[in-house]
Amino acid sequence: MRFHVFSLSAEFWKEQFNEEVPVLNIPYDYQRPQEQSFSGSMVVAAVDYGYLMGAVLVGGIFEGVIGLFYKYWGKHISPLTSGCVVIAIGFSIIGSACSSIASSNKYVSGSFENIVIAMITMLAAIALFLKGKGIFKQLYLLIALCIGYIISIPLGMVDFKAIGDTVSQLGVISLPHILQFKPKFELKYIIAFMIIYLTSAAETVGDISALTSSTLDRYPSEKEIKGGLVCDGFISAIAGGL
């Protein structure tokens, strides 16, 4: 039975290819590079950032407004819900974090130097969080990043030339261009961003709760969560115009 099926299949393909096989005009004068690379041609697609700016503007205002009425809907957002949102966002960026840990502009990806700097920075953050007092505990992430940055300097991992080029082009202080992309409004983009900002509101509640409990050893008040939501939303709206 199996041989019979194979015979029918063979006959079918013989019939399909009974004509002369066409010549493939593939260029053969391309020289293979000495080192394997994944770099190729770049396709540039035009993107109208105006619709993005308009959606961010409306979405930010939307989050700010619902933040004003937090006392009416906040009771429906349990700590479990906001915590799950924060955890889901954290897991979604694990890949990016691992890539950042293993890479630098000085050493190859995954090198010993890169891993050591990452581990020192992480251990400094954990130590400051557990043992730090006052401002050292509140700013433990920033202080840990500064420690890792300082240690990176003698290892040649800080590109001062690139920093100098940026300063020469933009100056020490550079102000943003107001309405560089003129906001445009289209309903489908606005609805999509309003849904995103609803998720952002739940994340903000979780972030405020986590930071308050870890640094002040208490749960945030309704007024504090409301203020955080309002600031997060309206500042995002302002960012839509920059």
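Check the entry above for the structure.
In this text the structure is predicted, and so the values were computed from the model without any measurement. (Residues numbered from 1 in each chain as written. Predicted model: local features only at pLDDT ≥ 70, side-chain atom pairs only at ≥ 80, totals over all residues. Heavy atoms only, no water.)

K.L.:
Mind showing me how you'd approach the overall build of the protein chain here?
P.N.:
Helix and strand content of the protein chain: eleven helices and zero strands. The order of α-helices and β-strands along the protein chain, N terminus first, is α-α-α-α-α-α-α-α-α-α-α. Burial analysis of the protein chain (242 residues in total) assigns 22% to the buried set. Residue pairs at least 24 apart in sequence account for 71% of intrachain contacts in the protein chain once pairs closer than 6 positions are excluded. Counting only carbon and sulfur atoms, one obtains 68% of the accessible surface of the protein chain, whose full area is about 18500 Å². (Helix = DSSP H or I, 4+ residues; strand = E, 2+ residues; numbered from the N terminus. Buried < 20%, exposed > 50% of the residue type's maximum accessible area, 1.4 Å probe, protein only. Contact = heavy atoms within 4.5 Å. Areas by Shrake-Rupley, 256 points an atom, 1.4 Å probe, with all protein chains shown as cover.)

K.L.:
Would you take a moment to explain the nonpolar core for this structure?
P.N.:
The nonpolar side chains of a soluble globular protein tend to be buried with one another. In this structure, Ile66, Tyr70, Ala201, Val205, Ile208, Ile225 and Leu229 together form the largest nonpolar core, which totals seven residues. Taken together, the elements giving at least two residues each to this core come down to helix H10 (187-216) and helix H11 (222-239). Ranked by residues supplied to this core, first place goes to H10 with three residues. Ignoring anything within four residues of it in the chain, the contact list for Leu229 reads Glu63, Gly64, Gly67, Tyr70, Trp73, Ala201, Thr204 and Val205. (Core = buried A, V, L, I, M, F, W, Y, C linked by side-chain atoms within 4.5 Å.)

K.L.:
Even after reading the chapter, I still don't get the pattern of salt bridges, so can you show me in this structure?
P.N.:
Pairing between side chains becomes possible if they bear opposite charge and their charged atoms approach one another. Enumeration according to the criterion identifies three salt bridges in this entry. With its nearest N and O atoms 3.2 Å apart, the salt bridge here joins Lys161 to Asp165. You can see Lys161 and its partner Asp165 sitting in helix H9 (residues 160-170), four residues apart, about one turn around the helix. Judged by its relative accessible area of 61%, Lys161 is exposed. (Salt bridge = Lys/Arg side-chain N within 4 Å of Asp/Glu carboxyl O.)

K.L.:
I'm lost on the packing of aromatic side chains in this one. Help?
P.N.:
Centre distance and the angle of the planes are the two values used to describe a pair of aromatic rings. Under the defined criterion, the tally for this structure stands at five aromatic pairs. Pairing Tyr70 with Trp73 gives two aromatic rings, centres 5.1 Å apart and planes at 85°, and the pair type is edge-to-face. Residue Tyr70 and its partner Trp73 are located together in helix H3 (residues 70-73), separated by three residues, close to a single helical turn. Just above the ring of Phe129 sits the side chain of Lys137; from NZ or CZ to the centre is 5.6 Å. (Phe/Tyr/Trp six-rings, centres within 6.5 Å; stacked < 30°, edge-to-face > 60°. Lys NZ or Arg CZ within 6 Å of the ring centre and 35° of its normal.)

K.L.:
How should I be thinking about the packing of helix H2 (residues 49-68) against H10 in this particular structure?
P.N.:
To characterise two packed helices, one gives the angle between the axes of the helices and the distance between these axes. It is at 8 Å that the axes of H2 and H10 come closest, and there the two elements cross at 45°. Comparing their axes, H10 and H2 come out oblique. The hand of the H2/H10 crossing is right-handed. Of H10, the residues touching H2 (which contributes Tyr51, Leu52, Ala55, Val56, Val58, Gly59, Gly60, Phe62, Glu63 and Ile66) are Tyr189, Ile190, Phe193, Met194, Tyr197, Leu198, Ser200, Ala201 and Thr204. (Axes fitted to C-alpha atoms, helices over the stretch in contact; angles between N-to-C directions. Parallel < 35°, antiparallel > 145°, perpendicular 65-115°, else oblique. Left-handed = near helix turned anticlockwise from the far one by under 90°.)

K.L.:
Before we go on, may I ask you to explain the side chain of Thr204 in this structure?
P.N.:
Structurally, Thr204 can be placed in helix H10. For Thr204, the side chain forms a polar contact with the side chain of Asp232, separated by 3.0 Å. With near-sequence residues (within four places) excluded, Thr204 lies in contact with Glu63, Gly228, Leu229 and Asp232. (Polar contact = N/O pair within 3.5 Å; in protein donor to acceptor, adjacent residues only side chain to side chain.)

K.L.:
Any chance you could explain the environment of Ile196 here in plain terms?
P.N.:
Looking at the element boundaries, Ile196 is found in helix H10. Assessed through its relative accessible area of 48%, Ile196 is described here as partly exposed. Distance from Ile196 to Val56, taken between C-alpha atoms, is 9.9 Å for residues 140 residues apart in sequence.

K.L.:
Would you mind going over the packing of helix H6 (residues 112-131) against helix H8 (residues 140-152) with me for this structure?
P.N.:
Two elements in contact, H6 and H8, have axes separated by 8 Å at closest approach and are oriented at 150°. Here H6 is positioned roughly antiparallel relative to H8, judged by the angle of their axes. The element H6 and its partner H8 pack so that their crossing is right-handed. On H8, the residues that touch Ile117, Ile120, Thr121, Ala124, Ala125, Leu128 and Phe129 of H6 are Tyr140, Leu141, Ile143, Ala144, Leu145, Ile147, Gly148, Ile151 and Ser152.

Purely spatial values, then, with no claim about function.
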